[in-house]
Every structure is written in structure tokens, then in C-alpha cells.
Amino acid sequence: MTWNIDPILFQFGSISLHWYGLLFACGIWGGAALLKRMLGESQQNVGLVDELFFPVFIGIIVGARLMHCLAYEPDFYLSHPLEILYIWKGGLASHGGGLGAILGVMWVAKRNKLNLMYLLDYLALPTLVFAVCVRLGNLMNSEIYGKVTEGPWSVIFQRVDMLPRHPAQLYEAMGYLLLALVLWQLRRGLLAVQGRLFGAFLVGVFVIRMLVELVKPEQASYIPSLPLTVGQILSVPFILVGIWLWLRPARR
């Protein structure tokens, strides 16, 4: 398959709408709608969705940008710190976005005197909706592609080169979608024990990320030959936290 989609959906003069921006917005909208449904069916405070929006959104953007700059291209950005602010030039790392989102949730939890795990459990599935949309946005941008492969499922990203590659964005999006469907079916039982749904989310998401990293070229040029990529190294702490949430004494 040859992939040559224009990243710009439409342009009118100096105003343009990119596929990535549209899918990013759809991910936020879809996640918010799902969160409202989950809170509503559990007879919880649906108003939390509006209160979570800005802190989580800002946390995602700031965290993702800082993680990309400091974990993947530290030499350049430490030498040119003002470039960190040029977010329109691209460069967001999902691990940092996750940490930033958690900090935003912590702020809302403290402000409303709520248990942090209570909020994180409810945000797990909406976050997967957002993650699927973001990876589809990466596909439309012909970015975060995989290594060269001769497999019949390979994709030629014509805007990159003419080599057949693993469609790593699709692998990750499909993995997150499958995980979301599984957790959706199990959500009622998992929500009964505090931290279980969020723990399953962490383990599932970052195991998928580690597996997809196997077919992706290393994105950090400063890393020597190591058994793990930067993306895999950053995933390990999240998996360990997820396992800990399952092994700790149950709190209903």
C-alpha cells in the first residue's frame, strides 16, 4: 500500500486545518463524551468532566513537549532552550503527555477533595479513545512509522521515502482500540476495586508501546546500542506502577 495523504485537510488563505489537529480534537471530544457516560451510569458527578478539561489538556501539551525535548533530543533543546516553546514545529512524547495529564488530574482531585485513584480509574478508557485518535493523526502526518519490512502488510510512506515500512501508528492504534474494548467489558468489576482499572490501563498501554517499539527505528540519536529503546525505557516505570496497583491491598 502506498500512503500519500496530504496532512492538511483544507486551506483557505493563511488558515489551514490539519488532519492531526482535527483528530486530536476528536479524541478530546470522544474521551469527554465517554467519561460523561461512565460517570452518569455510576451516578457520579458529571460536572467533573468540564473541570478536568483545561488542567488535563494543558498537562498533556506541556508534559508531552518537555518529554520530547529532554528525552529524545536533549542536546539540541538544551543548547536552544527557546525552541522548546515552538510547539508548532512538532515533537510531542506520549509518556510526558501521560505524566502531565496525571498532574492535571491531581490538581482537580486536590481542589475537590477527591481520591486521585477514583478519578484516574474513570479516565482510563477515555484516554484510550484519545490515544487511538492521536495515532491516527500520526498516520495522516506520515510520522512515527516503522522499520523497513518485506511483509505484505507494509506501507510505503511516499512523503518520507519509497521504502515499504511497518505501519507502526496503525499497530499502536489497533492495540489501544482492542484494549479499550476489553476494559469496557470489564469496567464494572474493575471499578469496584480502587486503582484496578487504571492499573490494567497502565500495563496494557505500555506493554503495547514496548511491543510496537520493536518495529520502530530508534528516535533518540544520542542513545548507543542498548537492548531497549528510549520509548521502552520510559514505559517500564508505568508498567511497574500498574502492577503495583493490582498487587496492593484491595480498597473498595
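Just so you know, these numbers come straight off a predicted model, no measurement behind them.

## Concerning the overall build of the protein
Counting its regular elements, the protein contains 8 helices and 5 strands. Compactness check: the protein gives a C-alpha radius of gyration of 19 Å against a globular reference of 18 Å for 252 residues, within 12% of the reference. Considering only C-alpha atoms, the protein reaches an extent of 55 × 45 × 40 Å along its principal axes. In the protein, which comprises 252 residues, the share counted as buried stands at 47%. Intrachain contacts of the protein at a sequence separation of at least 6 include 68% that bridge at least 24 residues. Carbon and sulfur atoms make up 69% of the accessible area of the protein, which totals about 13,500 Å². When the 19 positive and 14 negative side-chain charges of the protein are each reduced to one mean point, those points stand 12 Å apart.

## Details of the UniProt feature "transmembrane region" (unreviewed entry) in the protein
Cross-referencing UniProt, the feature "transmembrane region" (unreviewed entry) maps to residues 17-35, 47-66, 86-109, 116-137, 168-186, 193-212 and 224-247 in the present numbering. Helix makes up 100% of residues 116-137 and strand 0%, with an end-to-end C-alpha separation of 30 Å. In residues 193-212, helix accounts for 85% and strand for 0%; the two terminal C-alpha atoms are 30 Å from one another.

## Here's the deal with helix 8 (residues 230-247)
Helix length check: helix 8, at 18 residues, gives a terminal C-alpha distance of 27 Å against a target of 26 Å (1.5 Å per residue), a fit within 8%. Within helix 8 the residues assigned to the buried category are Val-230, Gly-231, Gln-232, Leu-234, Ser-235, Phe-238, Ile-239, Gly-242 and Leu-245. Check the buried side of helix 8 and you find it contacts helix 2 (48-72), helix 4 (94-112), helix 5 (116-140) and helix 7 (196-213).

## Let's talk about the sheet that holds strand 5 (residues 164-165)
Read from one edge to the other, the open sheet built from 3 strands follows the order 1-4-5, with strand pairing classed as mixed. The open sheet terminates on both sides in strands that have one partner only, identified here as strand 1 (2-3) and strand 5. Pairing between strand 4 (residues 155-157) and strand 5: 2 bridges, direction antiparallel. By the bridge assignment for strand 5, Val-155 is matched with Arg-165.

Analysis parameters
- Residues numbered from 1 in each chain as written.
- Predicted model: local features only at pLDDT ≥ 70, side-chain atom pairs only at ≥ 80, totals over all residues.
- Heavy atoms only, no water.
- Helix = DSSP H or I, 4+ residues; strand = E, 2+ residues; numbered from the N terminus.
- Rg over C-alpha atoms; globule rule 2.2 N^0.38 Å.
- Buried < 20%, exposed > 50% of the residue type's maximum accessible area, 1.4 Å probe, protein only.
- Contact = heavy atoms within 4.5 Å.
- Areas by Shrake-Rupley, 256 points an atom, 1.4 Å probe, with all protein chains shown as cover.
- Lys, Arg positive; Asp, Glu negative; His and termini not counted.
- Charge placed at Lys NZ, Arg CZ, Asp CG, Glu CD.
- UniProt positions renumbered as here; feature names shortened; annotations may be inferred.
- Expected span 1.5 Å × (residues − 1).
- Pairing = 2+ DSSP bridges.

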